[in-house]
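Architecture at a glance
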Amino acid sequence: MKKMLTLLAAVLLLFAAACGDSVVSPHTDATTPTTVPAVPAEDSVAVLTVTAAPTPAPTPEPTPEPTEEPTPEPTPTPEPTRVPREGDFNINFPDYDTGVDADYSYQSDDLRIAITVHQGTLRDEAQNRDLNETYYIMDIWVRNINSIRTAFGKGDFMTHSEHGYDLAVRENAILAVNGSQSQGLVLHRGELLQPLRSTGNWNRDSVGLIYRDGSFKTFYLRKESLDIDQEIENGALYGWQFGPIVIRNYEAGPNATKYHGMGYKARNILGYYEPGHYVFFTCDAGQKSQGMNEFMMLDMMKSLGVKEAFNLDGGNSTVVVFMGKVINQTRDRPLLDMLIFGEHNDDGSFVDLSTLTASKFLGKE
């Protein structure tokens with residue numbers, strides 16, 4: 001039997017070699033030669049061995065083409081700030097246009113003025129009345145104390161009176177408003193031109209002072225003492241004896257509504273937010289505007305959110321001059337003094353008004 005198996009295996013080998021047969025692996029499409037090992041002479045069985053095809057190498061991923069890096073935008077060069085000048089005090093001076101929505105505007109590196117004109121009905125809650133009013137809100141930013149000052153009729157204190165327009169143009173004022181008509185104390189550039197007068201009148205009970213650092217302070221003379229020499233030493237530059245004090249420390253002033261006989265008149269009020277930031281409020285009185293009493297003055301200044309507010313001369317002398325034009329309704333009464341704002345030269349004098357240009361001046365008549 002063993003001999004027969006051995007003989008059969010030999011015949012198969014010869015037949016395969018003659019025919020060139022191959023066996024296909026069930027695991028691959030490739031054709032693989034079949035190897036049959038030799039069968040031992042005794043008790044051996046023929047074994048069929050299949051050799052697997054090699055695993056193909058993975059196809060390499062295509063190398064992405066390099067993308068171009070975007071060219072960075074150049075960093076803008078900051079605009080140089082104004083060279084500091086003697087008298088600068090306001091570190092909060094705005095770097096934006098404050099007059100975007102204003103009716104009148106002047107914008108520079110030292111002075112920003114935005115004036116809005118309002119016409120409509122205002123409520124007098126104390127008297128339960130509605131009144132037609134025309135009023136002006138003047139938002140004022142000052143960088144340097146030399147942009148603020150008082151000025152006098154024809155340039156001389158208590159010597160001449162002068163119409164507000166003429167005084168403002170002569171002094172090269174960008175904005176000019178009423179002062180105190182020299183009713184009492186007058187302080188100008190740190191010099192006491194006129195001492196305190198006796199109190200008792202509604203427009204002599206209070207004093208308002210502007211200091212070298214741009215701050216503002218009030219004194220109610222009936223209950224508070226004022227050492228003006230000490231205040232000058234503390235830096236007081238400009239001052240008026242008038243009143244009443246409309247707002248003190250965000251609340252009604254000590255004599256804000258004391259004088260019930262003030263009635264409805266044209267008004268001029270200086271408001272203070274912080275050093276270098278002020279607001280001047282003016283209300284007309286005439287055919288188109290009925291004026292305000294002390295209660296309406298208080299309500300208005302509270303609505304503006306000021307820290308301090310001080311009433312100055314109003315009535316028939318009420319005037320607002322902006323860039324050489326009177327912008328309010330006025331009876332043009334000659335004045336003894338005005339509070340003015342302007343651009344200043346290195347010596348402190350105001351720059352010639354004719355050389356200045358307002359960034360926006362609508363020219364309302």
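Throughout, a residue's number is its position along its own chain's written sequence, starting from 1. The model is predicted, so local features are restricted to residues of pLDDT at least 70 and side-chain atom pairs to those at 80 or more, both for listing and for counting; the totals for chains, interfaces and linings are taken over all residues. Calculated side-chain values reflect all of the structure's heavy atoms, with hydrogen atoms and water omitted.

**Overview of the nonpolar core**
By nonpolar core we mean a set of buried residues, namely Ala, Val, Leu, Ile, Met, Phe, Trp, Tyr and Cys, connected to one another through side-chain atoms within 4.5 Å. The rule is simple: take the accessible area with a 1.4 Å probe, protein chains only, and divide by the maximum for that residue type; under 20% is buried, over 50% is exposed, in between is partly exposed. If you look at the biggest cluster of nonpolar residues, it comprises 60 residues, and the most contacted ones within it are Ile 113 and Met 301. A run of H or I in DSSP becomes a helix once it reaches four residues, and a run of E becomes a strand once it reaches two; helices and strands are each numbered from the N terminus. Top element by residues in this core is strand E7 (residues 129-142). It accounts for 7 residues. Dropping the residues within four chain positions of it, Ile 113 is found in contact with Thr 98, Tyr 104, Ser 105, Tyr 106, Gln 107, Asp 139, Ile 140, Ile 174, Leu 175, Phe 322 and Phe 341. Counting 11 residues, the second-largest nonpolar core is a separate cluster that includes Val 319, Val 321, Ile 340 and Phe 350. A contact between two residues is defined here by any heavy atoms of the two lying within 4.5 Å.

**Topic: the pattern of salt bridges**
Two side chains bearing opposite charge may form a pair once their charged atoms approach each other closely. By definition here, a salt bridge exists when the distance from a side-chain nitrogen of Lys or Arg to a carboxyl oxygen of Asp or Glu is within 4 Å. Overall, the coordinates contain 9 salt bridges when judged by the stated rule. A salt bridge links Asp 346 to Arg 85; the nearest nitrogen and oxygen atoms lie 3.3 Å apart. Of this pair, Asp 346 sits in the loop between strand E22 (337-341) and strand E23 (360-361) while Arg 85 sits in the loop between strand E4 (49-50) and strand E5 (104-107), and the two are 261 residues apart along the sequence. By relative accessible area, which is 79% here, Asp 346 ends up exposed. One salt bridge in this structure joins Arg 170 and Glu 171, with 3.1 Å as the shortest N-O distance.

**Comments concerning the packing of aromatic side chains**
Stacked, tilted and edge-to-face are the three classes assigned to paired rings of Phe, Tyr and Trp, where Trp is represented by its six-membered ring and a pair needs centres within 6.5 Å; plane angles under 30 degrees give stacked, over 60 edge-to-face, the rest tilted. Tallied over the entire structure, the rule returns 6 aromatic pairs. Seen in terms of ring centroids, Phe 216 and Tyr 272 are 6.2 Å apart; in terms of plane orientation they differ by 45°. Their pairing is tilted. Of this pair, Phe 216 sits in strand E13 (residues 216-220) while Tyr 272 sits in strand E17 (residues 267-274), placing them 56 residues apart in sequence. Tyr 272 shares its class with Phe 216; the two are buried. Through a chain of ring-to-ring contacts, three or more aromatic side chains come together here, namely Phe 216, Tyr 272, Tyr 278 and Phe 310. By the criterion adopted, a ring carries a charge over it if an Arg CZ or a Lys NZ lies within 6 Å of its centre and within 35 degrees of its normal. For the cation-ring pair, Arg 149 lies above Phe 350, with the distance from its terminal atom to the ring centre recorded as 4.0 Å.

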